[in-house]
Amino acid sequence: MSNLSLFEPFSFKSLNIKNRIVMAPMTRSFSPNGVPGENVAAYYQRRAAGEVGLILSEGTVINRPASSNDANVPRFHGEISLAGWQKVINDVHAAGGSMGPQIWHMGVMDDHHSGWKPLTPFEGPSGINRPGNTNGLAMSEKDIADTIKAFGDAAADAKRLGFDTLELHGAHNYLIDQFFSDKTNLRTDIYGGKTLAERTRFAVEVIKEVRKRVGEDFPLIIRLSQWKPYEYNSKMAHTPAEMEAWLQPLADAGIDIFHCSQRRFWEPEFEGSDLNFAGWAKKLTGKTTITVGSIGLSGEFLAAFKGESSEPSSLDELLRRFDRGDFDLVAVGRPLLADPDWVSKIKEGRTAELKGFSKEALAELL
Ligand SMILES: Cc1cc2nc3c(=O)[nH]c(=O)nc-3n(C[C@H](O)[C@H](O)[C@H](O)COP(=O)(O)O)c2cc1C
């Protein structure tokens, strides 16, 4: 099948990108003391030179004392870290690329295997990160207000440094997602509630603050997932109606683009239709959507952490859905982690040069 449609430019508000391919956010933990250095800037610049349309950074954490469980995850606050990010975006722009940081608060975490701990306990809606596992504190109303402000500060900094967009990390059981889920949000105040719609309140307040700080013309992305790392088959929305009740308040608060995280993009979201998560999000809200999950690879990413290798695979099913109009953009993770030239190779039909993915690629910034 022709992949030309993936190479049509895309414009939305102030964002203008040369094709539909997005680099998925991938934590690399190569930023000692939270500072992204020249090696990190060069890593992203290689992807821009390799013709990635839009680069999303690895998750980078906001200014809260326990927003991270890893000393080597980049911060998106403080003069030295922000100077590092300034170099990243300058270098990406110099190579003709576009980029947004993925703005992150991890919420309640398991302790990191390195033994490193933040100075204060982890925080989340109810102090738990899965049923029965307390490893932090339930946030007070002041904690919540301060956290919302810290998201806003990060957004204002993203715009000030010249990033083209930003993505809020609302997926994978981190802080924003911990508020969405009835497994981790047991609150009885206005931030809790029996329905998913009620539990969007924290995200809605974050989005409104971020929108206020960046203005109307700056595109805002949120990443969402039904699955949780502790339960791959979990679903928060079991029906299209529940999904609409989850997504519409986020759209109304100011989200422009839904980045719908799946492990395998071809899996249908609900019975009776082959639409995937990004397909449903677009149908229900009319917003721009990004799909992701095992594009161009034979195996999915969580198995990759356990050492399973993946081989390159055909893009035909992706193209069938893309050409049908299910989603606007497609995010690619591991292929771009392993090979900065993946997009150029796809564009030029150099399929024999495509590499698979194996865990060894995680050991360095290729
Ligand atoms: C090493 C690695 C780190 C990741 N870190 C993040 C992250 O910081 N934020 C996030 O939203 N997803 C993260 N993910 C998930 C990816 O963004 C992507 O959704 C997943 O790898 C599926 O895409 P793929 O099959 O193309 O690799 C990570 C994945 C990998 C492989």
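Not measured: the values here are computed from a predicted model. (Residues numbered from 1 in each chain as written. Predicted model: local features only at pLDDT ≥ 70, side-chain atom pairs only at ≥ 80, totals over all residues.)

Comments concerning unusual backbone geometry
The phi torsion of most residues other than glycine is negative, and most of the peptide bonds are trans.
Point 1. With phi around 75°, glutamate 51 is a residue other than glycine that occupies positive phi space.
Point 2. Note that glutamate 51 resides in the loop between α1 (38-49) and β4 (54-61).
Point 3. The exposure class assigned to glutamate 51 is buried, which follows from the 22 C-beta atoms found within 10 Å.
Point 4. One non-glycine residue, serine 294, lies in positive phi territory at about 60°.
Point 5. Secondary-structure assignment places serine 294 in the loop between β11 (288-292) and α8 (301-305). (Helix = DSSP H or I, 4+ residues; strand = E, 2+ residues; numbered from the N terminus. Buried ≥ 20, exposed ≤ 12 C-beta atoms within 10 Å, placed from the backbone.)

As for the environment of alanine 253
Point 1. Tracing the backbone shows alanine 253 in helix α6 (residues 240-253).
Point 2. For alanine 253, a count of 20 C-beta atoms within 10 Å gives the class buried.
Point 3. For the pair alanine 253 and glycine 124, spaced 129 residues apart in the sequence, the C-alpha separation amounts to 22 Å.
Point 4. Among all residues touching alanine 253, those that are not within four sequence positions of it are Val204, Ile207, Lys208 and Arg211. (Contact = placed C-beta atoms within 7 Å.)

A few points about the pairing of β4
Point 1. In terms of residue burial, β4 counts as a mostly covered element, since eight of its eight residues are buried.
Point 2. Relative to strand β5 (residues 99-104), β4 runs parallel, the two being bridged by five bridges. Across the sheet, residue isoleucine 55 finds its bridge partner in β5, namely methionine 99.
Point 3. Handedness of the β4-helix α2 (residues 79-94)-β5 crossover: right-handed. (Pairing = 2+ DSSP bridges. Right-handed = clockwise from strand over helix to strand, strands pointing away.)

Things to note about the site of the ligand
Point 1. Lining the immediate environment of the ligand, one finds 23 residues, of which Ala24, Gly59, Phe301, Gly333 and Arg334 sit closest.
Point 2. Residue composition of the shell around the ligand, grouped by class: 10 nonpolar, nine polar and four charged. (Near = placed C-beta within 6 Å. Nonpolar A, V, L, I, M, F, W, Y, C, P; charged D, E, K, R; others polar.)

What to know about the nonpolar core
Point 1. Counting 92 residues, the largest nonpolar core has Val22, Ile55, Ile103, Ile176, Ile290, Val330 and Val332 as the members making the most contacts within it.
Point 2. When near neighbours in sequence (up to four residues on either side) are disregarded, valine 22 contacts Gly53, Leu54, Leu56, Ile290, Leu329, Val330 and Ala331. (Core = buried A, V, L, I, M, F, W, Y, C linked by C-beta atoms within 7 Å.)

Here we look at α1
Point 1. The end-to-end C-alpha distance of α1, which contains 12 residues, comes to 16 Å, matching closely the 16 Å that a straight helix rising 1.5 Å per residue would cover.
Point 2. Elements that come into contact with the buried residues of α1 comprise β3 (21-23), β4, α2, β5 and α10 (334-338).
Point 3. Of the residues trailing α1, glutamate 51 is marked for its positive phi of about 75°. (Expected span 1.5 Å × (residues − 1).)

Focus on the UniProt feature "domain: NADH:flavin oxidoreductase/NADH oxidase N-terminal" (unreviewed entry) in the chain
Point 1. The feature "domain: NADH:flavin oxidoreductase/NADH oxidase N-terminal" (unreviewed entry), as given by UniProt, occupies residues 5-352 in the numbering adopted here.
Point 2. In residues 5-352, the share of helix is 34% and the share of strand is 15%. The end C-alpha atoms are 21 Å apart. (UniProt positions renumbered as here; feature names shortened; annotations may be inferred.)

A closer look at the sheet that holds strand β9 (residues 220-225)
Point 1. Pairing in this closed barrel of eight strands is parallel, and the strands run β3-β4-β5-β8-β9-β10-β11-β12 around the ring. Looking at each pair of strands side by side, their axes are set apart by 25° on average, direction ignored.
Point 2. Here β11 runs beside strand β12 (residues 329-332); their pairing, made up of three bridges, is parallel. The residue of β12 that forms the bridge with valine 292 is alanine 331. (Axes fitted to C-alpha atoms, helices over the stretch in contact; angles between N-to-C directions.)

Considerations on the packing of α6 against helix α7 (residues 277-285)
Point 1. Axis separation between α6 and α7 bottoms out at 10 Å; the angle between their running directions is 70°. Regarding the angle of α6 to α7, the classification is roughly perpendicular. Crossing angle aside, the handedness with which α6 passes α7 is right-handed. Contacts from Pro240, Met243, Glu244, Leu247, Gln248 and Ala251 of α6 reach α7 at Trp280, Ala281, Leu284 and Thr285.
Point 2. Class assignment of the residues belonging to the contact of α6 with α7 gives a composition of seven nonpolar, two polar and one charged. (Parallel < 35°, antiparallel > 145°, perpendicular 65-115°, else oblique. Left-handed = near helix turned anticlockwise from the far one by under 90°.)

What about the environment of phenylalanine 179?
Point 1. Take phenylalanine 179: it is sitting in helix α4 (residues 175-180).
Point 2. For phenylalanine 179 and tyrosine 191, which are 12 residues apart along the polypeptide, the C-alpha to C-alpha distance reads 7.5 Å.
Point 3. Setting aside residues up to four positions removed in sequence, phenylalanine 179 forms contacts with Pro125, Asn185, Tyr191, Arg199, Phe202 and Ala203.

Some details on the confidence of the model for the chain
Point 1. For the chain, per-residue confidence averages 97 on the pLDDT scale, and 100% of positions sit at 70 or higher.
Point 2. Per-element confidence in the chain ranges from a low mean pLDDT of 85 for α8 to a high of 99 for helix α3 (residues 141-161). (pLDDT = per-residue confidence, 0-100.)

Quick look at the packing of α3 against helix α5 (residues 201-214)
If you want to describe how two helices pack, look at the angle between their axes and the distance between the axes.
Point 1. Orientation of α3 relative to α5, taken along the N-to-C sense of each, is 35°, at an axis distance of 8 Å. When you trace α3 past α5, the crossing you get is right-handed. For the pair α3 and α5, contact is made by Ile144, Ile148, Lys149, Phe151, Gly152, Ala155, Ala156 and Lys159 and by Phe202, Glu205, Val206, Glu209, Val210, Lys212, Arg213 and Val214, respectively.
Point 2. Residues that form the contact of α3 with α5 fall into these classes: nine nonpolar, one polar and six charged.

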